[in-house]
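Each chain, written out:
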Amino acid sequence: MAAPVPANELERLAALERYEILDSGPEASFDRITAIAARVLGVPIALITLIDAERQWIKSRVGSTLAETPRSTAFCAHAIVPDELMVVPDARDDRRFADHAWVLSEPYVRFYAGAPLQTPDGYNLGALCVIDERPRQLTPEQRATLRDLAALVVDELELRFALRANSMSKLALNVAQLQLRDHVR
């Protein structure tokens, strides 16, 4: 079953573009977060995903080689609609996913939990998700951990954005100084 589209989809996509993260290379800061998520929550797969108009792009991964999938098949496309953690204890018992290819074959998804990557201005860009091949539940502490790690992903996005803006400001200042020197000469 295809995920519903968020009511603020156009604004959400604009917010995603603002971060200039899609199709970027691996970054240790994001890879550390997925590694921690997999280790602390005891799951074989952890992903940082970003949902654009047509696809789910995977920024960081543990236990998977996927780089992207169609949005229409992405569990995380469902996770960006609510503003809260989405937990699927057993995908075979969930009507949205029971006949999904990933449930019926490799990687045999049974458990999924995805915390939305919510920007400070309220847009869910993707999810930090954890996946297991066996059904399970998360304890309240594990739920809080996954939400906190998702917030760290957004902190990293904000840091990248601020550093890029700072670099652009410095570049503009340097250009202005050079133009002023030329004008004075």
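Structure: above.
These figures come from a predicted structure and were not determined experimentally.

A. Quick peek at the packing of aromatic side chains. With the rule as written, the count across this model stands at four aromatic pairs. Taking 6.3 Å as the distance between ring centres and 10 degrees as the angle between the ring planes, the aromatic pair formed by Phe75 and Trp102 counts as stacked. A residue pair is termed long-range when its members are at least 10 positions apart, and Phe75 in helix H3 (residues 75-79) and Trp102 in helix H4 (residues 101-104) qualify at 27 residues. Owing to a relative accessible area of 4%, Phe75 belongs among the buried residues under this scheme. A connected cluster of aromatic rings, assembled from ring pairs, spans Phe75, Phe97, Trp102 and Tyr112. Over the aromatic face of Phe111 sits the side chain of Arg136, whose NZ or CZ is 5.4 Å from the ring centroid.

B. Local environment of the sheet that holds strand S3 (residues 68-70). One open sheet accounts for six strands, arranged S3-S2-S1-S6-S5-S4; its pairing is antiparallel. Looking at strand neighbours, the two that pair on one side only are S3 and strand S4 (86-88), the edges of this open sheet. Along the sheet, successive strands turn relative to each other by an average axial angle of 25 degrees, direction set aside. As defined by bridge partners, S4 adjoins strand S5 (residues 111-118) across three bridges and the pair is classed as antiparallel. Looking at the pairing, Val87 lines up with Ala113 of S5. The sheet strands contacting helix H2 (residues 28-41) are strand S1 (45-51), strand S2 (55-62) and strand S6 (124-132), and the helix crosses S2 at an angle near 70 degrees.

C. Quick peek at the layout of surface pockets. Space inside the largest pocket adds up to approximately 190 Å³. Those elements that place two or more of their residues in the lining of the largest pocket are S1, S2, H3 and S6. Here the lining of the largest pocket gets three residues from one element, more than from any other, and that element is S1. Class assignment for the residues of the lining of the largest pocket results in 12 nonpolar, five polar and no charged.

D. Molecular detail of the nonpolar core. Counting residues in each nonpolar core, the largest one holds 32 residues, and the members touching the most others are Leu128, Val130 and Leu146. Mapped onto this core, the elements with two or more residues apiece are helix H1 (9-18), H2, S1, S5, S6 and helix H5 (140-184). Looking at this core, the element that brings in the most residues is H5, giving six residues. Excluding anything up to four places from it in sequence, Leu128 contacts Ile33, Thr34, Ala37, Leu47, Ile48, Ala113, Gly114, Ala115, Leu117, Leu146, Leu149 and Ala150. Counting 22 residues, the second largest nonpolar core, distinct from the first, contains Ala3, Val103, Val109 and Cys129.

E. Summary view of the state of the cysteines. Per the counting criterion, the structure on display carries zero disulfides. Not engaged in a disulfide, the cysteine Cys76 finds its nearest cysteine sulfur in Cys129; these two sulfurs lie 3.6 Å apart. Residue classification places Cys76 among the buried positions, given a relative accessible area of 2%.

F. Molecular detail of the environment of Pro82. Within the secondary structure, Pro82 is located in the loop between H3 and S4. On the accessibility criterion, Pro82 (26% relative accessible area) is partly exposed. Expressed as a C-alpha distance, the spacing of Pro82 and Asn124, which sit 42 residues apart in the sequence, is 8.6 Å. Excluding its chain neighbours within four sequence positions, the residues that come into contact with Pro82 are Pro116 and Asn124.

G. Representation of the pattern of salt bridges. The full count for this structure, using the stated rule, is 12 salt bridges. Two residues, Arg18 and Asp121, come together in a salt bridge whose shortest N-O distance is 3.2 Å. You can see Arg18 sitting in helix H1 and its partner Asp121 sitting in the loop between S5 and S6, a full 103 residues away along the chain. Judged by its relative accessible area of 28%, Arg18 is partly exposed. The closest approach of N and O atoms between Arg110 and Asp90, which form a salt bridge, is 2.7 Å. Highlighted residues: Arg110 in the loop between H4 and S5 and Asp90 in the loop between S4 and H4, separated in sequence by 20 residues. Since its relative accessible area comes to 15%, Arg110 is described here as buried. One network of salt bridges, in which partners are shared, links Asp23, Asp52, Arg55 and Glu68.

Reading the values: the criteria
Residues numbered from 1 in each chain as written. Predicted model: local features only at pLDDT ≥ 70, side-chain atom pairs only at ≥ 80, totals over all residues. Heavy atoms only, no water. Phe/Tyr/Trp six-rings, centres within 6.5 Å; stacked < 30°, edge-to-face > 60°. Helix = DSSP H or I, 4+ residues; strand = E, 2+ residues; numbered from the N terminus. Buried < 20%, exposed > 50% of the residue type's maximum accessible area, 1.4 Å probe, protein only. Lys NZ or Arg CZ within 6 Å of the ring centre and 35° of its normal. Pairing = 2+ DSSP bridges. Axes fitted to C-alpha atoms, helices over the stretch in contact; angles between N-to-C directions. Contact = heavy atoms within 4.5 Å. 1 Å grid on protein atoms, 1.4 Å probe; cavity = no way out; pocket = protein on both sides within 12 Å on 5 of 7 lines; lining within 4 Å. Points joined across faces, edges and corners; volume = space filled by probe spheres on them. Nonpolar A, V, L, I, M, F, W, Y, C, P; charged D, E, K, R; others polar. Core = buried A, V, L, I, M, F, W, Y, C linked by side-chain atoms within 4.5 Å. Disulfide = S-S within 2.5 Å. Salt bridge = Lys/Arg side-chain N within 4 Å of Asp/Glu carboxyl O.

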